[in-house]
Amino acid sequence: MAMTVIQHVLSRLRSIGVTDVFGVPGDFSFPVCDAISEDPQMRWIDCCNELNAAYAADGYARIKGFGALCTTYGVGELSAINAIAGAYAEHLPLFHLVGAPTMGVQAGRAVMHHTLGNGEYNLFQRMTEPVVCADAVMHPQNVAHETERLIAEALYHRRPVYMAFPSDHANQAVTSTAQPVPAPGSDPDSLREAVDAIVAAIEKARSACVP
Amino acid sequence: MIFVLNNSGYLIERLLCKNPGIAYNDIAPWRYAELPRVLGCDGWFMARVATCGELDQALQAAQSRATAAYIEVVTDAYAASPLALKLHDSLRNLYKA
């Protein structure tokens, strides 16, 4: 059986080493929370609020190299954004999974809870864009490609990425495939020169601050 | 007099999600009744009650004191208002455009 959109993303995150997701549940993110809870190799870690969850993911990323959190649409993601901006400033790759209203609700500009009531459903994603290095709305057709792109961007730039999961799409079967994006390598000569220069500077240093 | 209602989790989510008992809907069982002491509210009346009898006793005790009172009222995890139950019943139409 084909994996669902959210199962696919979780399996890819697992394969790079993400085994824990910090978060606060919400009705729009039930499919994401359920998939994490039902995945035997993933651990859902309930937090008191989304800001805590994002800072917990920040700390996790400092130890493991990357972290993940899950929040609901609007109120949840906005609560987390302060720590996401912190992770951006501190060069920490975080995967922010956001459960969003169905595409039908969004297209119909319905008046829904967790929105501003003005029918604008991409506002919160736009608010997040300055503090992430990449973002995408996941659906069955794009999820394979977008997952690889976002993982590659997060790990290359060492910065947070944003993934939205409309709740109707989250549990639909993936209809595409994609290969992992190879990490860009450094030119060996330039790298050696840079390392030599750094080592020389450290050897000459008389204090912990190297100019 | 402050009342904190403790129903052990996110009731509205229990009423809206697929599996009401799933762990992400539970909140950590902290000792909420002792929060005033932690926050420096010295001398406050603090109590944790789980029955109407215990609530009556706590109210009586609180009234006989000149300090503020902080009472944690533990309810059933699924005790819900009529509005919340109505939301649960209309789940099918709740998220439609």
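For clarity, every value in this text was computed on a predicted model and none was experimentally measured.

What counts, and at which threshold
- Residues numbered from 1 in each chain as written.
- Chains lettered and ligands numbered in written order.
- Predicted model: local features only at pLDDT ≥ 70, side-chain atom pairs only at ≥ 80, totals over all residues.
- Heavy atoms only, no water.
- Helix = DSSP H or I, 4+ residues; strand = E, 2+ residues; numbered from the N terminus.
- Buried < 20%, exposed > 50% of the residue type's maximum accessible area, 1.4 Å probe, protein only.
- Contact = heavy atoms within 4.5 Å.
- Buried area = accessible area lost by both parts, 1.4 Å probe.
- Salt bridge = Lys/Arg side-chain N within 4 Å of Asp/Glu carboxyl O.
- Polar contact = N/O pair within 3.5 Å; in protein donor to acceptor, adjacent residues only side chain to side chain.
- Nonpolar A, V, L, I, M, F, W, Y, C, P; charged D, E, K, R; others polar.
- Patch = residues over 30% accessible without salt bridge, like charges linked within 9 Å, V, L, I, M, F, W, Y side chains within 5 Å.
- Areas by Shrake-Rupley, 256 points an atom, 1.4 Å probe, with all protein chains shown as cover.
- Disulfide = S-S within 2.5 Å.

Chemist: I keep staring at the side chain of A:Glu148 and nothing clicks. Help me out?
Modeler: Residues and elements named next belong to chain A. Locating Glu148 in the fold gives a position in helix H7 (residues 143-157). For Glu148, a relative accessible area of 4% translates into the label buried. Residue contacts for Glu148: discarding those within four places in its chain leaves Arg12, Ala178, Gln179, Pro180 and Val181.

Chemist: Mind showing me how you'd approach unusual backbone geometry here?
Modeler: Only a minority of non-glycine residues have a phi that is not negative, and only a minority of peptide bonds are not trans. Residues and elements named next belong to chain A. Backbone geometry at Arg109 places phi at a positive 50 degrees, although glycine is not the residue there. Structurally, Arg109 can be placed in the loop between helix H5 (103-107) and helix H6 (123-128). Exposure remark for Arg109: the relative accessible area of 49% places this residue in the partly exposed category. Its identity as a non-glycine residue notwithstanding, Arg158 has a phi of 55 degrees, on the positive side. Along the chain, the position of Arg158 falls in the loop between H7 and strand S6 (161-166). Residue classification places Arg158 among the partly exposed residues on the basis of a relative accessible area of 34%.

Chemist: Looking at this structure, I do not really get the interface of chain A and chain B. What am I missing?
Modeler: The parts lose accessible area when they come together, and the size of an interface is often stated as this lost area. Of the residues lining the interface, 20 residues belong to chain A; the matching set on chain B comes to 15 residues. When chain A packs against chain B, close to 1200 Å² is buried across both sides, 62% of that on carbon and sulfur atoms. For the chain A face of the interface with chain B, the top three residues by lost area are A:Pro25, A:Phe30 and A:Asp34, together amounting to 35%. Put simply, chain A and chain B have 1 salt bridge between them. With a shortest N-O distance of 3.2 Å, B:Lys18 and A:Glu38 are connected by a salt bridge. The tally of links between chain A and chain B comes to 4 residue pairs in polar contact (both at pLDDT 80 or more). Within the residue set of the side of chain A that touches chain B, elements represented by two or more residues are helix H2 (30-38), strand S2 (43-46) and H5 of chain A. Residue contributions to the side of chain A that touches chain B peak at 5 residues, all from H2(A). Looking at the side of chain A that touches chain B residue by residue, the class counts come to 11 nonpolar, 5 polar and 4 charged.

Chemist: I would appreciate a short explanation of the pattern of salt bridges in the present structure.
Modeler: If charged atoms from side chains of opposite charge come close, those side chains can pair. Using the criterion set out here, one finds 11 salt bridges over all chains in the structure. Salt bridges sharing partners connect three or more residues here, namely A:Asp58, A:Arg62 and A:Glu90.

Chemist: Is there a simple way to explain a nonpolar patch on the surface in this structure?
Modeler: A cluster of nonpolar side chains, namely A:Leu191, A:Val195 and A:Val199, defines an oily patch on the protein surface of about 230 Å² accessible area. Exposure remark for A:Val199: the relative accessible area of 38% places this residue in the partly exposed category.

Chemist: Can you walk me through the state of the cysteines in this structure?
Modeler: Note on terminology: a disulfide is the covalent bond linking the sulfur atoms of two cysteines. A complete count under the given rule lists 0 disulfides over all chains for this structure. Residue A:Cys48 stays outside any disulfide, its sulfur separated by 7.2 Å from that of A:Cys47, the closest cysteine. A relative accessible area of 52% means that A:Cys48 is categorised as exposed. The structure places no disulfide on B:Cys41, whose sulfur is separated from the nearest cysteine sulfur, that of A:Cys48, by 19 Å. Judged by its relative accessible area of 23%, B:Cys41 falls in the partly exposed class.

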